[in-house]
2 protein chains.
Amino acid sequence: MESSGQSPGQSPVESQNTSRRESTTAGEATNDTQRASDYVALSVETLGVRLGDIPAVSERVGGDPANWRIREVGDGNLNLVFIVEGTQGAVVVKQALPYVRMVGESWRLPLYRAHYEYYALVRQARYAPGVAPEVFYFDKPQALIVMEYLYPHVILRRKLIKGERVAELGETLGRFCAQTAFRGSELSLPSPEKKADVGLFSGNVAIPAITESLVFTDPYYDAEMNHHTPELSAVVARLRGNVALKAKAQRMLMKFTANTETMLHGDLHSGSIMATDASVRIIDPEFSQYGPMAFDLGMAVANFLMAYFSQPAHRSADELAAYQRWILEVIAACLDSFDAEFQRLWQTERRGILFPQTLFEDQQHASDVACQALLDEIREDALAYCGIEMHRRVLSLAHNADFEEIIDTGLRARLETRNLLMGEALIVNAAAYTKTTALVALAETHNAGTCWH
Amino acid sequence: MESSGQSPGQSPVESQNTSRRESTTAGEATNDTQRASDYVALSVETLGVRLGDIPAVSERVGGDPANWRIREVGDGNLNLVFIVEGTQGAVVVKQALPYVRMVGESWRLPLYRAHYEYYALVRQARYAPGVAPEVFYFDKPQALIVMEYLYPHVILRRKLIKGERVAELGETLGRFCAQTAFRGSELSLPSPEKKADVGLFSGNVAIPAITESLVFTDPYYDAEMNHHTPELSAVVARLRGNVALKAKAQRMLMKFTANTETMLHGDLHSGSIMATDASVRIIDPEFSQYGPMAFDLGMAVANFLMAYFSQPAHRSADELAAYQRWILEVIAACLDSFDAEFQRLWQTERRGILFPQTLFEDQQHASDVACQALLDEIREDALAYCGIEMHRRVLSLAHNADFEEIIDTGLRARLETRNLLMGEALIVNAAAYTKTTALVALAETHNAGTCWH
């Protein structure tokens, strides 16, 4: 979902329809649309006719649907994404396609991923209000979500490539990750509700399977869809020859597949974040699943580190050092805000079955040491996930524009190598970098380009 | 399910009915009984009439149902258990009651636990053939399972109190735990099947909730249903004052509730094991859930340690040392057989998405170090679960006969104290005892009774 164009000019009002749907939480969301249940992909030509009689859409957009300005702006990986503008405002319409758009119809992908995106969006709105786009309408058989149009937000990855700053970026992300991690877990939720939700999300098999292979396994062998900058062959051979690295990556995969601690965003990279200079929003949770608390945090940090290492190709010498320094500050703020917010929620909202007050505060025993021990574990696992994400984005199927747009493959490979080697250090030796200062120092050392041996 | 009486005198033959049911795996098991769907508890008087026309039962028992010898032998905690004998043989009929029998109708407990027991039994038969009782018939609405009558097996706990030995006891348990842990995980199962099964088992909320509170939390505060030997007050105060202990127990609870690595038995104590001098069978998986690979192993070892510490009250001086030595050998065999069988399956049946051959053997890299690292983690967590089980069986609601039948409360408290203090050492410092010899030495030290300070 890339975004541009006019502001909708109104603050979105919750529709009756949406309110009712958002109350569906632990069971499968119902769909009471009167439309045909056979899936048909939308197009710019048909969207107005198909959605024009739905009040949650038509009242928000305004005017004759025949006159709506409709643009398809999907970034091409998986879905159709339309911006629909009328006399009153604008909405985004996102519809899943039954295959992976970037690969072709041969790679089938179930439409139900849109259902999990919807489930995730309504839960994120509860756990971390104001960060995910608001949902106005959901049509389950059509795998279609109508949601808030974010304007003038643009994809954060573009801003990082352009060298633009965003206020409170790390803080907002760290808080979002902490709030969703804590409030989606049995530290907070009643156990029956959390367990029913795990059951609901267990229906989502195809999407986690993509992450499982593309992220954790493909980088470390000659997988069919892999590609990488040719000059990286030596470092790729080094990584694949590192048995401890591969074993650790697989141990992290095991935690990812079998640890249902909390509801994840599941794909929290800088292409899933939209921002202005002062506003940060998080979109596209269609890879949502129950998983380890450390996962989203690690993914987010990895994408900042890749932005950091790619900067020498995007910045002039006079801007480079200051902008790279700012990215490291964002990383530090993200990690430290996660901990601070998690600790705050631990003290104020710990109402689940885990670490109950009966064992600690009610016996005049502080629980802050237990909280810190859990945060230390989360930090260490987050760094390992971070290193894995840094690898797969350079070696597996889906790459980042941060590196991919560097035309000079020699320069690209040099910068990617810094990124790969830091990733290796994080995966095999995460415990050494759990202090934020140690992590920042490691990034600076690799950025100096002297670590290749 | 306690067992005594005549042998059925025939080897049980798989019924059509059962075969069909056992093929139900990843979806919800169907129930095609023609009987009324309203639940009615069985009784000795009604059982023959209600089950006499079901071929899977009547052909196996034989004769006129009016002449069947029917005894109710449930041990009183949760269920009705009948032994039904006729002219051809015998079966066990187990039916869930809608409340906790040992507490009363005020503690409601859903009948669906019988469904999970059935699901677990058919999976255990596949993962570790010949250990769980064979299932002949399942009536879902009646929460009723007709299964193999084990004879002349008796509950292992009784044998341990009597000082009887069982050949290959530790080896059989260790292998069972390894086979169910490995084959129920994504090391072995196709991911879609495993994830669908996690979804199926996520419907079981009430039973895990019992374990969560009774095992992990109640021992460490003044929970309503707790009871303990009066002379233990000082050691109980010590444990509740150990904040690191409570934090670790809660961290293990978090892993228990949120780690769906494999399908557990869930209640693998010596009352869930039936044995002759040379045969070991494992019954009663109604607490089955997806959980950590370490859990069943830790529970089993804990129950042997409790048998070990209780022996001075049950043995004469001339038998004591040799029998205690034998129990320690069983523990060592259980732990070491778990590792050996897990390693064997790792090398021969690793067909899931975790630690795939593509990353190791196909690149001429051995994966045995990765296997050992995982086993080390499992061992450490198993010891922590072990320590927690050693605590809750002395401090929480459900106690063990090993200690409970010691009339002299002064002696009982001295032996329970040894058990509690070793449990404390295991919980807070599991990593120090991961070598089997270190664990055995720790048990011997505590058994000497000099650790109370």
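The numbers attached to residues start from 1 for each chain and follow its sequence in the written order. To label them, take the chains in the order written and letter them from A, then take the ligands in the order written and number them from 1. Residues qualify for local features only when their pLDDT is at least 70, as the model is predicted, and side-chain atom pairs are given and counted only at 80 or more; totals for whole chains, interfaces and linings, by contrast, use all residues. Hydrogens and water are ignored here; the side-chain numbers use all heavy atoms of the structure.

A.B. asks: Break down the sheet that holds strand E7 (residues 144-148) of chain A for me, with residues and values.
C.D. replies: Residue and element names in this part refer to chain A. Read across the open sheet, the five strands follow the order E1-E2-E3-E7-E6; overall the sheet is antiparallel. Bordering the open sheet on either side are strand E1 (69-72) and strand E6 (135-139), each of which pairs with just one other strand. Direction aside, neighbouring strands of the sheet carry axes that sit 20° apart on average. Between any two strands, pairing holds if DSSP finds at least two bridges. Under the scheme used here, helices are H or I runs from DSSP no shorter than 4 residues and strands are E runs no shorter than 2 residues, and both carry numbers assigned from the N terminus. When E1 meets strand E2 (residues 79-85), the two strands line up antiparallel, connected through four bridges. The residue of E2 that forms the bridge with Ile70 is Val84. Two residues form a contact once any of their heavy atoms are found within 4.5 Å. A fitted line through C-alpha atoms serves as each axis, taken over the contacting stretch for helices, and the angle formed by two N-to-C directions is quoted from 0 to 180°. Against the sheet, helix H4 (residues 113-127) touches E2, strand E3 (90-96), E6 and E7, its axis set at about 30° to E7.

A.B. asks: Explain the pairing of E6(A) to me, using residue names and the numbers behind them.
C.D. replies: Residues and elements named next belong to chain A. With five of five residues buried, E6 is to be regarded as a mostly interior element. Across four bridges, the pairing between E6 and E7 is antiparallel. Counted as the bridge partner of Asp139 is Leu144 from E7. Between buried and exposed lies partly exposed: a residue is buried under 20% and exposed over 50% of the maximum accessible area for its type, with that area taken using a 1.4 Å probe on protein chains only.

A.B. asks: Just give me the short version of the confidence of the model for chain A, but keep the residues and values in it.
C.D. replies: Per-residue confidence from the predictor is given as pLDDT, running between 0 and 100. Counting all residues, the mean pLDDT for chain A is 90, and 91% of those residues have values of 70 or more. Taken together, the stretch residues 1-36 of chain A has pLDDT below 50 and engages in 104 contacts with residues farther than four places along the chain or on a different chain.

A.B. asks: Tell me about the packing of helix H11 (residues 294-310) of chain B against helix H12 (residues 317-348) of chain B, and name the residues and values.
C.D. replies: All names here are of chain B. With their axes 9 Å apart at the nearest point, H11 and H12 run at an angle of 170° to one another. As far as their axial angle goes, H12 and H11 are roughly antiparallel. Residues Leu297, Val301, Phe304, Leu305, Ala307 and Tyr308 of H11 form the contact with H12, whose participating residues are Gln324, Ile327, Leu328, Val330, Ile331, Cys334, Leu335 and Phe338. Small angles under 35 degrees read as roughly parallel and large ones over 145 as roughly antiparallel, with 65 to 115 read as roughly perpendicular and the rest as oblique.

A.B. asks: Explain unusual backbone geometry residue by residue, including any values.
C.D. replies: Residue and element names in this part refer to chain A. In the segment running from Tyr151 into Pro152, the intervening peptide bond is cis, with an omega of 5°. Residues other than glycine seldom take positive phi values, yet Glu168 does so here, at roughly 60°. Relative to the helices and strands, Glu168 resides in the loop between helix H5 (156-162) and helix H6 (169-183). Even without glycine at this site, Gln364 takes up a positive phi of about 60°.

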